[in-house]
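# Examining the three-dimensional arrangement
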Amino acid sequence: MQKAYLVLSNGRIFEGKRIGADRDSIGEVVFTTGVEGYLETLTDPSYAGQMIVQTFPLIGNYGVIEEDFEGGTFARGYIVRELCDTPSNFRCQYTLEEFLKKKDIPGIAGIDTRELTRIIRENGCMNAAILSAPPSETDMQKINSYKVSGVVEETGIREKQVLPSECGESFRVTLIDYGAKRNIARSLCRRGCCVTVVPHTMTAEEILADAPDGVMLSNGPGDPAENTFCIEQIKKLIGKLPIFGICLGHQLTAIAMGGSTVKLKYGHHGANQPVRRHDGSRTYITSQNHNFAVVSDSLAGVGKEIFSNANDGSCEGMEYPGKKCFTVQFHPEACGGPKDTEFLFDRFIEMMEEEKNA
């Protein structure tokens, strides 16, 4: 295998072996704690602009199963301790190495990912590059000047898509795609919804003209405050019909309601994030992938915090009394990950039913 170098913006260099696409790349490096679900991670559009570090030491042992893909592949790099080249699984179609090459994702293996994770935890998210040679001064300048930007435009769909209900049509839902994972739409279709997936460039007037029973705001990548057009459309939709937002949809709604967001030190990435219900009744284990969080205090008098992260106390969910709207930071569709919070889709269905019967 060809030698490769992972270069952090603080000057730290890890030497390893190149995997995947044979090219150099720069991105924001983040770690994810998932033990499995690497296919869902690699095909989660929320990783656009980022390099993914897998904390679990052996990756690729069940190969690639295309049926498990959650969306397009927009990661800028993939970093593992050991890449399995002999996967064993009856569903396996080809190796993870072949996938990385096919999707043009450069990667590096054979480095100490535990040490790398500790560096990120202590110093916070930082930029990095995967290079074929030790970095030059120009390389370091490029690494330090890199910024994740414009990624919603990169990941979302361009044309409207209609997905039929799987069990008789009870409701019509418009899903705004900011970089949506496929299991969000599937979770709605399984519950009797016909889902129309629309680009993030669609106006509120166009959405309302289609007369949906509810609107779903999807996950997506990057800094929510960048997406001023999307925020303006949500402002026009709030209060008109039931709305359920996930991840980036949660953050965009908070800004639309006059709140603010903050970048976390190293974000939440993985399938083991504990989330507390604010009434104290339950703690759920959730799947998450985000670097930004809603500042709940900025929504005082407008929204009510309903979930918080049990590790760092950050906001994990809001509801907006009288506005027919609630949002969560975590992934109730959890693919891959725990299914503890799937009931939130049922709550959305109940909201649409109440609205229909009002």
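To start, this report covers the structure provided alongside it. Computed from a predicted model, the values in this text were never measured in an experiment. By convention here, each chain's residues receive numbers from 1 onward along its written sequence. Only residues with pLDDT of 70 or above have their local features reported here, since the model is predicted, and side-chain atom pairs are shown and tallied only from 80 upward, although totals for entire chains, interfaces and linings are computed over all residues. Here the side-chain values reflect all heavy atoms present in the structure, with hydrogen atoms and water set aside.

Attention now moves to unusual backbone geometry. Phi at Asp104 is positive, roughly 60 degrees, even though this residue is not glycine. Relative to the helices and strands, Asp104 is located in the loop between α2 (96-102) and β8 (106-109). Residues other than glycine seldom take positive phi values, yet Ala334 does so here, at roughly 35 degrees. A run of H or I in DSSP counts as a helix once it spans at least four residues, and a run of E counts as a strand once it spans at least two, with each numbered from the N terminus. Within the secondary structure, Ala334 is located in the loop between β19 (325-328) and α10 (343-357).

The next point concerns the sheet that holds β8. The strands that make up a sheet pair up through hydrogen bonds in the backbone, lying either parallel or antiparallel. Read around the barrel, seven strands follow the order β1-β2-β8-β6-β4-β3-β9 and close on themselves; strand pairing throughout is mixed. The mean angle between the axes of side-by-side strands here comes to 35 degrees, regardless of whether they run parallel or antiparallel. Any two strands are treated as partners once DSSP identifies two or more bridges connecting them. Pairing of strand β1 (residues 3-8) with strand β9 (residues 126-131) involves four bridges; the strand directions are antiparallel. Opposite Leu8, over in β9, you have Ala128 as the bridge partner. Here helix α3 (residues 113-123) sits on the sheet in contact with β1, β2 (13-20), β3 (25-32), β4 (50-54), β6 (77-80) and β9, set at roughly 125 degrees to β4. Two residues qualify as a contact provided that any one of their heavy atoms is within 4.5 Å of a heavy atom in the partner residue. Between N-to-C directions, angles span 0 to 180 degrees; the directions come from axes that are lines fitted to C-alpha atoms, helices contributing only their stretch in contact. Against the sheet, helix α4 (residues 137-145) touches β1, β3 and β9, its axis set at about 140 degrees to β9.

With that out of the way, let us pick up the pattern of salt bridges. Pairing between side chains of opposite charge can happen when the charged atoms of each approach one another. Counted as salt bridges are all cases of a side-chain nitrogen of Lys or Arg within 4 Å of a carboxyl oxygen of Asp or Glu. Tallying each qualifying case throughout the model produces 21 salt bridges. Between Asp210 and Arg172 there is a salt bridge, with its nearest N and O atoms 3.5 Å apart. Note that Asp210 is positioned in the loop between α7 (204-209) and β13 (214-217) and Arg172 in strand β11 (residues 171-177), a separation of 38 residues in sequence. Burial classes: relative accessible area under 20% of the type maximum marks a residue as buried, over 50% as exposed, and values in between as partly exposed (1.4 Å probe, protein chains only). Looking at Asp210, the relative accessible area reads 27%, which means it is partly exposed. Residue classification places Arg172 among the partly exposed residues on the basis of a relative accessible area of 29%. Across the pair Lys235 and Glu232 runs a salt bridge, and its minimum N-O distance is 3.1 Å. Here the residue Lys235 and the residue Glu232 both occupy positions in helix α8 (residues 228-237), the gap between them amounting to three residues, near one helical turn. Exposure remark for Lys235: the relative accessible area of 41% places this residue in the partly exposed category.

Structurally, Ser296 is set in the loop between β16 (283-295) and β17 (304-309). With relative accessibility at 19%, the residue Ser296 sits in the buried group. Among the polar contacts listed, one links the side chain of Ser296 to the side chain of Glu305, at a separation of 3.0 Å. Not counting chain neighbours up to four residues away, the residues in contact with Ser296 comprise Glu305, Cys315 and Met318. Pairs of N or O atoms within 3.5 Å make up the polar contacts considered here, provided that, within protein, one atom can donate a hydrogen while the other can accept it, and that residues adjacent in sequence are counted only when both atoms are side-chain atoms.

Neither face of β6 is exposed, since Gly77 and Ile79 on one face and Tyr78 and Val80 on the opposite face are all buried. Note: β4 against β6, three bridges, orientation parallel. The residue of β6 that forms the bridge with Ile52 is Tyr78. Two strands pair when backbone bridges link them, and β6 and β8 are joined in this way by three bridges, in the parallel orientation. Bridging from a neighbouring strand, Val80 pairs with Ala109 of β8.

Another aspect to go through is helix α9 (residues 248-256). Extensive coverage of α9 is indicated by the burial of nine of its nine residues. Taken as a whole, α9 has its buried residues at Leu248, Gly249, His250, Gln251, Leu252, Thr253, Ala254, Ile255 and Ala256. Gly258 sits one or two positions beyond α9 and adopts a positive phi of about 95 degrees.

You can see Pro134 is positioned in the loop between β9 and α4. The exposure class assigned to Pro134 is exposed, which follows from its relative accessible area of 52%. Considered as a pair, Pro134 and Ala4 are 130 residues apart in the sequence and their alpha carbons are 8.5 Å apart. Every residue in contact with Pro134, bar those within four places of it in the chain, is listed here: Tyr5 and Asp139.

Relative to the helices and strands, Glu316 is located in strand β18 (residues 315-320). With near-sequence residues (within four places) excluded, Glu316 lies in contact with His250, His268, Val275, Gln288, Glu305, Phe307, Ser308, Asn309, Val328, Gln329 and Phe330.

In space, the 10 strands of this open sheet follow the order β10-β12-β11-β13-β14-β19-β18-β17-β15-β16, with mixed pairing throughout. Only two strands of the sheet have a single neighbouring strand rather than two, namely β10 (161-163) and β16. Taken pair by pair, the neighbouring strands of this sheet meet at an average axis angle of 20 degrees, ignoring direction. The pairing of β10 with strand β12 (residues 193-199) spans three bridges and is classified as antiparallel. Each residue of the ladder has a partner; that of Gln161, found in β12, is Val197.

Now for a nonpolar patch on the surface. Patch definition: residues with relative accessible area over 30% and no salt bridge; like charges joined within 9 Å; nonpolar side chains (Val, Leu, Ile, Met, Phe, Trp, Tyr) joined within 5 Å. Here, Shrake-Rupley sampling with a 1.4 Å probe gives the accessible areas, and only protein chains in the shown set may cover a residue. A surface patch of nonpolar side chains, amounting to about 230 Å² of accessible area, comprises Val35, Phe56 and Leu58. Tracing the backbone through its elements, the reader meets Leu58 in strand β5 (residues 58-59). A relative accessible area of 31% places Leu58 in the partly exposed class.

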